[in-house]
Amino acid sequence: MTLSGAALAWMCSTHFMSTSASAQDAYGGGSRYAPARAAQPNVSPQRTPASASIESNGSPRASGPTSIRSLRPSLAPSRGASPQLSPMIDSAAEIGGAVPTAQSIQAQREALFQELADEFNAFDRLGNLVRKVSQLVKPSVIHIEAHKTETKGGQYESYDEAGSGVVIETADGVWVLTNRHVILGSQPAEILLRSADGRQYHPSRILSDESTDVAVMKVPDLRLPPARTGDSNLVNIGDFTIAIGSPFGLSHSVTFGILSAKGRRDLSLGNQKIDLQDFFQTDAAINPGNSGGPLLNLRGEVIGLNTAIASSSGGSEGIGFAIPINMAVQVADELIRHGRLRRGYLGVTLEPDFTVSDLGPLQAVASGGAKVKGVRHGSPAAKANLQRGDIIVEFNGSQVDNDDHLVAQVGLTPIGSVVPMIIYRDGKRYRTEVQLTDVN
């Protein structure tokens, strides 16, 4: 995905910073948040084969002459004719109407007010939904402040970075779900969590995954209601969305919009590489500090985890990205159960420049696919008899859009699963099965 003139930036970069020599000045007079870091310039990423991810990862003119007739009486005499004045209309009765009275004007206004009231009552039901969702979910949203230190050019810098999180319930109890980049580089004691009612906590355990930018935190004595998660597979473009988070450190802010797109998988996100991408795009206003906060539907269910924005200014320009909640919860469950994300391994390299137009006659029966460039000996793909030149069009019952889509599907498929695949070879359709192993 190329965004001309824009940059993709992490949304948790609301921070204030100081050098070690002036740390007291920064904190002594009461901390205040400074503008977000300058967004990383968006440079279209150099596409490489996907093996690392799978293996390891104007106005119209009139058609003819027209004449413009003046509505004003003409005083210019015609050539050879005596000048005449056009008649004037001096009473409303001559045009078939009576002069409106103050009472009739007021009656018309009252009728319009009533029409507006009726239409507003219907429209306000949407506003009521937004208010109810906000009241329902805000207690489950956490404001995060992570104290971080780093050295740049030999100079020691210290700053607090604001982000968001949401409380979810897992098989192992209640955890706080957020983005890895929100808390990256901070120890548990350096992370302050604050609820909507002002209670403060520190996590005791942090687990994160670099390939998806998902993190979970265990918090002792956390007495907050978990948010209800929805099924992100059922979300459609145009659905209303609500985002809650801490833009520029302003905790528990609520914004409203729609889901703009699905399946954004080729985003360049700052200096960090996210291997497994399948982002939702939304125009709900999200800014630096919204990272890790929930994206909601009008049922009050979490459908995504706000992660990044596309911006040339560093602020909201109506293009935000969220990890689908099904994916985020799956990664969180793997982290909690196994301490890491166990990624599925197929054992092929894919042709990164393959597009739908390369399908040729197959476009009549396939709308996308991933072309195999190579098969590693002894891999699950080799055992499934995949060959160079095969076009994988369906994986585990889902159509394959492109190589990035297949990478994400393989990486998030449970280890040991026997997965059906449909491929095209020499113009013919074949079905096969593959049993995925752990990439590690």
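Here the structure is a predicted model, which means the values were calculated and not measured. (Residues numbered from 1 in each chain as written. Predicted model: local features only at pLDDT ≥ 70, side-chain atom pairs only at ≥ 80, totals over all residues. Heavy atoms only, no water.)

Peer 1: Looking at this structure, how should I read helix H5 (residues 325–338)?
Peer 2: Note on helix geometry: an α-helix contains 3.6 residues per turn, so any two residues three or four positions apart are oriented the same way. Helix length check: H5, at 14 residues, gives a terminal C-alpha distance of 20 Å against a target of 20 Å (1.5 Å per residue), a fit within 8%. Among the residues making up H5, those that are buried are Ile325, Met327, Ala328, Val331, Ala332, Glu334, Leu335 and Ile336. In the segment just after H5, Gly339 is the residue with positive phi, at about 80°. (Helix = DSSP H or I, 4+ residues; strand = E, 2+ residues; numbered from the N terminus. Expected span 1.5 Å × (residues − 1). Buried < 20%, exposed > 50% of the residue type's maximum accessible area, 1.4 Å probe, protein only.)

Peer 1: Please clarify how the environment of Asn236 should be interpreted in this entry.
Peer 2: When you line up the elements, Asn236 lands in the loop between strand E10 (228–229) and strand E11 (240–245). Overall, Asn236 belongs to the partly exposed group, its relative accessible area being 45%. When the C-alpha atoms of Asn236 and Leu259 are compared, they prove to be 7.2 Å apart, with 23 residues separating the residues in sequence.

Peer 1: Looking at this model, I keep getting lost on unusual backbone geometry. Mind explaining?
Peer 2: The bulk of non-glycine residues show a negative phi, and the bulk of peptide bonds are trans. The phi angle at Asp213 is positive, at roughly 65°, despite the residue not being glycine. Of note, Asp213 is situated in the loop between strand E8 (205–209) and strand E9 (214–218). Of note in the backbone geometry, Phe248 takes a positive phi value of approximately 55° without being a glycine. Its relative accessible area of 30% is what places Phe248 among the partly exposed residues.

Peer 1: It is not clear to me how a nonpolar patch on the surface should be interpreted in this structure. Could you clarify?
Peer 2: A surface patch of nonpolar side chains, amounting to about 230 Å² of accessible area, comprises Phe240, Phe256 and Ile258. Looking at the element boundaries, Phe256 is found in strand E12 (residues 253–264). (Patch = residues over 30% accessible without salt bridge, like charges linked within 9 Å, V, L, I, M, F, W, Y side chains within 5 Å. Areas by Shrake-Rupley, 256 points an atom, 1.4 Å probe, with all protein chains shown as cover. Salt bridge = Lys/Arg side-chain N within 4 Å of Asp/Glu carboxyl O.)

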